[in-house]
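Commentary on secondary and tertiary structure
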Amino acid sequence: MAKPTAAVFSFTGCEGCSLAILECEKELLDVVKLVDFVEWREAMSERTEAMIDLGFIDGAISTHHDEKKIRQVRERVRMLISIGACATNAGVNALKHRYGLREVKEIVYGEAGAEFDTISARPVHAVVPVEFEIPGCPIQGEEFLRIVLDIVQGKQPRLPNYPVCVECKRKENVCVFEKGMICMGPVARAGCGADCPSYGAWCEACRGFVDNPNDEAHEEVLTKYGVTSEELLQRYDIFCAYELEERKSRQQGQR
Amino acid sequence: MADRKLSIFVEEICRVEGHGNIVLNASNGKIEELWLEITESPRFFEAMMLGRRWDEATHISCRICGICSIAHTTTSVRAIEDAFGIEPSEQTLALRKIAYYGEMIQSHVLHFYYLAAPDFLGVPSVFPLVQSHPEEVKRALRLKRLGNDLCKAIVGRHIHPCAYLPKCMPKLPDPKALEDMHRRCVAAREDLAAAVDLFATVKLPDFQREGEALASWHPDEYGMYECQAIKSTQGDLTERRDYRQKIHEYVVPHSHAKHAETEQGAYMVGALARYRCNKEQLHPAALAVADRLQLDSYLFNPYAITLAQVVETVHSVEEAIRYLEWTLGRELEWEDWGVKPRAGRGVGVDEAPRGLLIHDYTFDDDGKLTAVNCIIPTNQNLNNIERDFHALVPQIIDRPDAEIQLLLEMLVRAYDPCISCATHLLRVEIKR
Ligand code: SF4
Ligand code: SF4
Ligand code: SF4
């Protein structure tokens, strides 16, 4: 079988996620073994006209231009895979929603900003259908490679649906609540190997939450440090502002 | 060359992080339109950070850029420390610098090997080099991995570090990892020597334009992590907190965006700017490389930024070795984490790989941000790139379109602009 072709397309983000691919380092050579990159503006000058098998998207959709471009990209690829918090969850970009769009333009650019093209930041799946999402800010190289391998072999990739605390306990880390920090680990989606607590810092749920934070939270940690999952959900919304907005409108809809 | 119409529109310049277009329209050898257009989506970081707690400030602002997120983290943390009156210990500074130089190494290597070298070797990207120059590619990967692993050993990861906090390290690094890093840094000298050999054969496009350059300055070391004042090639020094007296950010009505300039006009920041301001303070090994690459004869040639990055990589590896040795020579002490916010203003200034970086924060009593200003290297350089364009194009206008296009693209790439850094847009309207 011929190697599948792949391309990376960047939208509104810091491009840390496409860098994370370029940086699978030793593994860069391994990625190249799995797929043939035919288009990737950050890394190469080549472009293609042919249909692309795998299209990796980093960045959120936050301008009319982004919106138009993602629809065009969708036409050109067989499987669309969102990578990173920006693409899967709007990421930090949704933080601007706290203020009105007119207001953020004015805060940064003064009156002259009024003409800027900006719309509410949305994840890719809110605009076009997406085949798979790889979370994280940034994505983790190993997880990325594993998922690409699954896809190339025709298997359905999976993400863990248990909290970061589980991975953290497995590593026998000292819980950062002990240092007076507040950690999102009990409600955050695992898969990063509890990266932040392993280096002594709190988790900010850059991979989003487990599917049902109220039922699937790490109860033992919550009880021990006297916090509730609802409190935690509000603590750091750096990466989950969009998810929380959606949650709120769902809850309101149910009422 | 009568009646020649030239129209170049390079959409989304390749091998530049971020989104930018080059627009050039000329008729009969006269430039009608020429600029670098930034199509990167505006991201509004300064607004997104308002009202945020201090413990979120760094983790939001480092998402400005994935390549220099350690530099953003450094600047942000220093602004917070400045505001809260925190003086980190010598040990914390030594550890941070190991990670900081790690990023400098990875970012420079990414640029000169992955993004610029294909131009010099005449191929469109790094991928064909895997076949044609396997040794070079392996070397590049080793060096870049070294940079990344220096970051990883200290602050967990190099793209958006999770464990780089104000006051002290939340966890002490594993001494075995430090020993391993030391060994690898020493071994990297050989890879770097080979890189120097490669770049010594490179012929730079012939171009010069004199102009002001700004860089961080510190009395004790080559201004990178440390910055006591902002130094100009005009000879003046500006205190960190007074940066606004030197650098004017202003909104250009017709382009709807902030520009940065000094009284002299456009200025340059980055590796060549640092070299021009502070080269006497470089490590002797780096100075020897500068000599070998004849950097002093290209001080006003922006294409030489790539060479200055090679020089600075040598410096950064030597600095990493120095701080690793300092760290390995003692028992590391555990420091209690605990930051007490207070109201006030704090300014962090240091050098990102691409140049001068400033974060200016004001906090209220609860440690929430009430004012934020970030000045980013790429924004400062965009103005200078356009000035270069205008000086360069008349010199090359008689050459074939493809060559003009390549020279302009290479010029933009030489500045290594990480346009996603441009928290302020340069231009929004596409003129036709
Ligand atoms: S998810 Fe994070 S690392 Fe990835 S592009 Fe967005 S801000 Fe950058
Ligand atoms: S709360 Fe955080 S530090 Fe504590 S166990 Fe869970 S993930 Fe680990
Ligand atoms: S510990 Fe939390 S914030 Fe850190 S990488 Fe994992 S999910 Fe993201």
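Positions within a chain are numbered from 1, following the residues in the order the chain's sequence is written. The naming scheme follows written order: chains are lettered A onward, ligands numbered 1 onward. Selection of residues for local features in this predicted model requires a pLDDT of at least 70, selection of side-chain atom pairs for listing and counting requires 80 or more, and totals for whole chains, interfaces and linings are taken over all residues.

1. Regarding the site of ligand 1
Selection criterion: Throughout this description, a residue near a molecule or strand is one whose C-beta atom, derived from the backbone, lies within 6 Å of it. Only runs of H or I of at least four residues qualify as helices and only runs of E of at least two qualify as strands under DSSP, and these elements are numbered from the N terminus. Asp, Glu, Lys and Arg are counted as charged, while Ala, Val, Leu, Ile, Met, Phe, Trp, Tyr, Cys and Pro are counted as nonpolar; the rest, among them Gly, fall into the polar class.
Around ligand 1 lies a shell of 18 residues, among which A:Gly13, A:Gly16, A:Gly84, A:Cys86 and A:Cys137 are the nearest. Around ligand 1, the nearby residues trace back to chains A and B. Mapped by element, the contributors of at least two residues to the shell around ligand 1 are helix H1 (16-22) and helix H4 (84-89) of chain A. Broken down by element, the residue count for the shell around ligand 1 peaks at three residues, all from H4(A). Broken down by class, the residue content of the shell around ligand 1 amounts to eight nonpolar, seven polar and three charged.

2. What to know about the domain arrangement of chain A
The extent of an interface is frequently quoted as the accessible surface area lost upon association of the parts. Residues and elements named next belong to chain A. Formally: Those domain boundaries reflect an automatic or database domain assignment. Once C-beta atoms are placed from the backbone, any two residues with those atoms within 7 Å are in contact.
One can read the domain layout of chain A as domain 1 (5-152) and domain 2 (164-253). Contacts between the two partners involve 15 residues from domain 1, matched on the other side by 13 residues from domain 2. Residues belonging to the side of domain 1 that touches domain 2 are distributed by class as follows: nine nonpolar, five polar and one charged.

3. Some points on helix H10 (residues 284-292) of chain B
All names here are of chain B. Formally: Residue burial is a threshold on neighbouring C-beta atoms within 10 Å of the residue's own C-beta, all placed from the backbone, with 20 or more meaning buried, 12 or fewer meaning exposed, and counts in between meaning partly exposed. As used here, the arc belongs to the directions running from the helix axis to the C-beta atoms.
Buried within H10 are the following residues: Ala286, Val289 and Ala290. One side of H10 holds all its buried residues, which, seen down the axis, span an arc of 105°. Residues of H10 that are exposed and point over 90 degrees away from its buried face: Pro284 and Asp291. Contacts from the buried residues of H10 go to helix H7 (175-200) and helix H11 (305-328).

4. Things to note about the site of ligand 3
Of all residues adjacent to ligand 3, which total 13 residues, the nearest are A:Cys192, A:Asp195, A:Cys196, A:Cys203 and A:Cys206. Looking at what sits near ligand 3, you find residues from chains A and B. Per element, the largest residue contribution to the shell around ligand 3 is three residues, and it comes from helix H8 (residues 195-198) of chain A.

5. Observations regarding the sheet that holds strand S11 (residues 355-363) of chain B
Residue and element names in this part refer to chain B. Operational definition: Criterion used throughout: strands pair if DSSP finds at least two bridges between them. Here an angle of 0 to 180 degrees is reported between the N-to-C directions of two axes, which are lines fitted to C-alpha atoms, with helices fitted over the stretch in contact.
One open sheet accounts for three strands, arranged S10-S11-S12; its pairing is antiparallel. Only two strands of the sheet have a single neighbouring strand rather than two, namely strand S10 (344-352) and strand S12 (369-375). Adjacent strand axes in the sheet meet at a mean angle of 10°, parallel and antiparallel pairs treated alike. Relative to S11, S10 runs antiparallel, the two sharing nine bridges. Across the sheet, Val347 pairs through a bridge with Asp360, a residue of S11. Those strands touched by helix H12 (residues 377-396) are S10, S11 and S12, and its axis lies near 130° from that of S11.

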